[in-house]
Amino acid sequence: MAHKNAPVPNERLNRVGGEAVLDGVMMKAGKNCSTAVRLPNGNIRVLPRTYTPPKEKHKWMGIPLIRGVCNFISTMKLSFAVLTDSAEAAAGEELKESKSDRWMKKHLGFSLMDLVGGLSLILGIALALCLFIYLPNLASAGLERLFRRDLGVWKAVTSGVVKIFIFIFYIYLVSLMPDIRRTFQYHGAEHKTIACFESHRELTPENAKECTRFHPRCGTSFMFVMILLGIILSLVVRCVLEWGFKIDFEALTGSRLWESLIYTGIGLLLLPLVMGIGYEFLMYAGKHSEKRIVKILSAPGLWMQRLTTREPSLEQLAVAIAATKHALPDIFPDFDRAAYEAKEGFGTAAADTAANGDAPVTDTTAPTEANAPAADAVLPGEPGAAPSEHTGATEPEAVTGSPAPAATPHRDETL
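All values reported here derive from a predicted model rather than from experimental measurement.

A. Looking closely at the sheet that holds strand E3 (residues 32-38). Taking strand neighbours across the sheet as the criterion, the four strands line up as E1-E2-E3-E4 in an open arrangement whose pairing is antiparallel. Strands with a single pairing partner mark the edges of an open sheet, and in this sheet they are strand E1 (17-21) and strand E4 (44-50). Averaged over all pairs of adjacent strands, the angle between strand axes in this sheet comes to 20°, irrespective of strand direction. Bridge count for E1 against strand E2 (residues 24-29) is five bridges, and the pairing is antiparallel. Note on E2: the bridge partner recorded for Gly18 is Met27.

B. Highlighting unusual backbone geometry. One non-glycine residue, His200, lies in the positive phi region at around 65°. Following the sequence through the fold, His200 ends up in the loop between helix H6 (178-198) and helix H7 (205-209). Here Lys246, not a glycine, exhibits a phi torsion of approximately 55°, which is positive. Among the residues examined, Lys246 registers a relative accessible area of 65% and is labelled exposed.

C. Representation of the nonpolar core within the structure. One finds Val16, Met27, Ala36, Ile44 and Ala322 to be the most contacted residues of the largest nonpolar core, which totals 30 residues. Every element with two or more residues in this core is listed here: E2, E4, H6 and helix H12 (314-327). It is H12 that contributes the most residues to this core, nine residues altogether. Counting 14 residues, the second-largest nonpolar core is a separate cluster that includes Leu229, Leu270, Val274 and Met283.

D. Quick peek at the side chain of Asp85. You can see Asp85 is positioned in helix H2 (residues 66-90). According to the relative accessible area criterion, Asp85 is buried, its value standing at 18%. Leaving out residues up to four positions away in the same chain, Asp85 has contacts with Leu47 and Arg49.

E. Broad picture of the packing of aromatic side chains. The full count for this structure, using the stated rule, is eight aromatic pairs. Centre to centre, the rings of Phe132 and Phe167 are 6.2 Å apart; their planes meet at 65°, and the pair counts as edge-to-face. Here the residue Phe132 occupies a position in helix H4 (residues 112-147), and Phe167 occupies one in helix H5 (residues 155-175), the gap between them amounting to 35 residues. Look at Phe132 and you get buried, because its relative accessible area is 15%. A cation over a ring is seen here: Arg238 above Tyr263, with NZ or CZ 3.6 Å from the ring centre.

Quick notes on the rules
- Residues numbered from 1 in each chain as written.
- Predicted model: local features only at pLDDT ≥ 70, side-chain atom pairs only at ≥ 80, totals over all residues.
- Heavy atoms only, no water.
- Pairing = 2+ DSSP bridges.
- Helix = DSSP H or I, 4+ residues; strand = E, 2+ residues; numbered from the N terminus.
- Axes fitted to C-alpha atoms, helices over the stretch in contact; angles between N-to-C directions.
- Buried < 20%, exposed > 50% of the residue type's maximum accessible area, 1.4 Å probe, protein only.
- Core = buried A, V, L, I, M, F, W, Y, C linked by side-chain atoms within 4.5 Å.
- Contact = heavy atoms within 4.5 Å.
- Phe/Tyr/Trp six-rings, centres within 6.5 Å; stacked < 30°, edge-to-face > 60°.
- Lys NZ or Arg CZ within 6 Å of the ring centre and 35° of its normal.

Next comes the structure, spelled out in structure tokens:
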């Protein structure tokens, strides 16, 4: 019999997850995917999609470790789709299908935009592999040559340190771009809204603003955990190969460059395992964020979220709330989904107030005729509340996302 003082499980944890997109937020709960965007006319429009989790397509995709890789791939595909949706809506127009697009779809099965998106994804992955796998290995070889010392298995550690430096520097550089800073504000809005929802508070911009913008299930945390796991697994592999099997790739090939390429290939082979372990850790961290060991292991990822999230305005929180309520019709049955799905959107200041039941929403950072530059301002303030579970999970296997490169939406979806 359960102990009468046993804690009551929070059924809202991992229930919803999402990511920041262009001028909006995408929230996903089960099969419901809702992308809310602030239109040029000031209204909020919600673009619905249906999402089928990989485990519902094939049972083996729900097996631990494997499900992390499957969810990552499916979420990336979804991210590019909602990014296109949000870009069209934010621009205030929908792209018209040309004759060439119709011909390509009929004869090839995909449009020109699909082709461009696919090539962008391939180039993005290639750049990421170069920056985070090949370049760190090459840097370790360069340090050996510079100091004329053989680092041995510790090359895995030095390449890992280089990898972390590249990751932090990259995030810092893109955060200087005004559009990305605004996207990072929407990332903060996504986190705060999910934290408010998971704490069972009334979902209003004012309540959400009081919640934490840091979440252990965030895509930023996922990336950082993957880097740390990659360092550990690379060190183990080098120890096994060089100490156990006495294999020295530099001696065999006669080149540090070839050694770097070989270990780059080994890193690629380890990537699915790293993703699987990282995903399982984040899902565990999302449900047990109060445990000390989880707090310690999640700390680096939470620190990184100080770069990838910014304090959102009330209007940005209203967008995230609209996406959340639209994605959860069973919890918010009174939410007017049809009104928000209309092409002209819904939610002027007065309408937002009536719909959300809160005080009039004002956004001092939103662009106005009198003060347009304020739109990209980074608002001060950082809630001191302890981080709750990453706000971006879409289900027990989702990971709220962290921002992707400038060309991609912030991947906050708790995978």
